[in-house]
Amino acid sequence: MARKHSTDTRKYIVIKGARQHNLKNIDLKIPHNTFTVITGPSGSGKSSLAFDILYAEGQRRYIESLSTYARQFIEQLDKPDVDLVEGLSPTIAIENKQIATNPRSTVGTVTEIYDFLRLLFARLGKAHCPACRREIRISYAEDTVNELLKNHDRAKIMVLSPVRADSKNLRKVLQKLEREGFIRVRLDGKIYEIHEISNHVPDTVGRLEIVIDRLVVDPRKRSRITDSVELAYRIGEGKLVILESPDKEFLFTEKYACDLCGINLPEPSPRLFSFNNPEGACPRCDGLGFEESFDPELIISNPELSIREGAILPWENKNSVTFYEQLESLARHYKFDINLPFKDLPKRAKEALLFGSGNEEIPFYHYRGNRRFVHKRRFPGIIPFLKQKLEEAKTLEEKKELEQYIRKNPCSLCNGTRLKKEALSFTYHGLTISDISTMSVKEAHEWFKSV
Ligand SMILES: [Zn+2]
Ligand SMILES: [Zn+2]
């Protein structure tokens, strides 16, 4: 059957029903081997057509043609909102973004290099125990083979790799496996030849495993067993199943673990080395590299002053009766004099003022006419109070007002590296990804030449 657009697509890129962003369901043809300029008023969808349709679709098709293994390292692009794109060749896009090339650029600030580093570390990073820094060797295929030879000698086994599939993509997955030369799968516990089910896929799909090999465990077959186990781990992304009989199966998992400390490391993946991804970002600073906290030294900028003279800056302009009643109640409870320089107040009083009274309830007195009322409550402290105000601040002015008491410090957990310790447990020629990304581009170039 002749394809509908066969003559057109040799000469044109044919686009039908493009609706991405501002595009209003447009059809068009763009001639091949010409220099085509897209013009139009701003907001008419020029960039959507060029980047979100043509470039994205070309990239998406290219990525789809890669192996599952390679694909997991590449950000998947969504299918653009378009009915049809034909006659498209692989695409590249050049954006007119300006890259500042100043001598202080580090590898980390040039994102393309950092992305390359993430791949490098995912593939070649050496794992170290985060606690004892011992190198963790990963010879799991070998361990698995030894285990099989020791505990399953002479057993007739099947080596299976679990793969992910659902009823929607099962057919595609099966066809791909068939093309790759696999013959059998186990679907929900039953063994099938792939061709038996690739055309009649069941409605519900649970567990799918590929049969990698069937063999009898025998020390003389060590190299074949090793090959099968290695292949099974690769296909199963670190997992394999040894099936001895329908009710006797064993799951093996490749793991990065320190036997001494009992610590497991995650599989190194490019995501693990990204501070923009929860898998890699330092949990304390969310990958920012610094922590912001209210700093007592900024709040009490001159400890020679007394509270009455305005030692506590956020309280500088407070002078209502209620405020002084509260202050006097605190002074009475913590036994300090509000006319004394702040630095000379008792330690307990200073801490309570800044960080709150904790669980301690303080009697607060206030006066209405000649009557004195008292009620006991905790004192929240200036810093927790400022924190709450910052959370509730709505205007930029309010925020600015509060930010003068905030100091940015390198994150105390990741030391400013922005990554979680698991990511920093992998090294390449002795350096962590953070060590390399803080090098200048020139230093990194020299270093890479030397390794
Ligand atoms: Zn250890
Ligand atoms: Zn951090």
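Look a little higher up for the structure.
Residues numbered from 1 in each chain as written. Chains lettered and ligands numbered in written order. Predicted model: local features only at pLDDT ≥ 70, side-chain atom pairs only at ≥ 80, totals over all residues. Heavy atoms only, no water.

Caption draft 1: Main features of the overall build of the protein chain. Along its length, the protein chain carries 15 helices and 19 strands. For 451 residues, the compact-globule estimate of 2.2 N^0.38 gives 22 Å, and the C-alpha radius of gyration of the protein chain, at 33 Å, exceeds that figure by more than 25%. With respect to the three principal axes, the spread of C-alpha positions in the protein chain is 100 × 70 × 55 Å. Out of the 451 residues belonging to the protein chain, those deemed buried represent 37%. Restricting to contacts in the protein chain with at least 6 residues of sequence separation, those with at least 24 account for 63%. With the model as given, the accessible surface of the protein chain reaches about 28,300 Å², and the carbon-plus-sulfur share is 50%. Charged side chains in the protein chain number 71 positive and 63 negative. The centres of these two groups are separated by 2 Å. (Helix = DSSP H or I, 4+ residues; strand = E, 2+ residues; numbered from the N terminus. Rg over C-alpha atoms; globule rule 2.2 N^0.38 Å. Buried < 20%, exposed > 50% of the residue type's maximum accessible area, 1.4 Å probe, protein only. Contact = heavy atoms within 4.5 Å. Areas by Shrake-Rupley, 256 points an atom, 1.4 Å probe, with all protein chains shown as cover. Lys, Arg positive; Asp, Glu negative; His and termini not counted. Charge placed at Lys NZ, Arg CZ, Asp CG, Glu CD.)

Caption draft 2: Region of the structure containing the environment of threonine 106. Counting through the fold element by element, threonine 106 comes out in the loop between β3 (84-86) and α4 (111-124). Along the chain, threonine 106 and glycine 40 lie 66 residues apart, while their C-alpha atoms are 38 Å from each other. Residues contacting threonine 106, with those up to four places away along its chain left out, are Ser437, Thr438, Met439, Ser440 and Val441.

Caption draft 3: A look at the nonpolar core. The biggest cluster of nonpolar side chains holds 31 residues, and the ones touching the most others in it are Ile299, Ile307, Trp315, Phe336 and Leu353. Going through the elements one at a time, α10 (321-334), α11 (347-355), β15 (362-368) and α12 (382-392) are the ones with two or more residues in this core. If we ignore the near neighbours within four places in the chain, the residues touching tryptophan 315 are Ile307, Phe323, Leu327, Leu353, Phe379 and Ile382. Within the second largest apolar cluster, 30 residues are counted, among which are Ile157, Val159, Ile194 and Val229. (Core = buried A, V, L, I, M, F, W, Y, C linked by side-chain atoms within 4.5 Å.)

Caption draft 4: Structural view of the packing of α11 against α12. Interhelical geometry of α11 versus α12 gives an angle of 10° and a closest axis separation of 3 Å. In terms of orientation, α11 and α12 fall into the roughly parallel class. Touching Leu353, Leu354 and Phe355 of α11 are Ile382, Ile383 and Pro384, all from α12. Here the contact of α11 with α12 is composed, by residue class, of 6 nonpolar, no polar and no charged. (Axes fitted to C-alpha atoms, helices over the stretch in contact; angles between N-to-C directions. Parallel < 35°, antiparallel > 145°, perpendicular 65-115°, else oblique. Nonpolar A, V, L, I, M, F, W, Y, C, P; charged D, E, K, R; others polar.)

Caption draft 5: Structural context of the coordination of the zinc ion (ligand 2). Every protein donor of the zinc ion (ligand 2) is accounted for by Cys282 (SG), Cys285 (SG), Cys411 (SG) and Cys414 (SG), and the metal-donor separations fall at 2.2 to 2.3 Å. One can describe the donor arrangement at the zinc ion (ligand 2) as tetrahedral, given that its 4 donor atoms subtend angles of 105 to 113° at the metal. Of note, the zinc ion (ligand 2) draws all its donor residues from one chain, in the sequence arrangement C-x2-C-x125-C-x2-C. Highlighted residues: cysteine 285 in the loop between β13 (263-265) and β14 (290-294) and cysteine 411 in the loop between β17 (406-410) and β18 (426-428), separated in sequence by 126 residues. For cysteine 285, a relative accessible area of 5% translates into the label buried. Judged by relative accessible area, which is 1%, cysteine 411 ranks as buried. (Donors = N, O, S within 2.8 Å, 3.2 Å for Na, K, Ca; no water. Tetrahedral: all angles 85-135°; square planar, octahedral: opposite > 155°, others 65-115°.)

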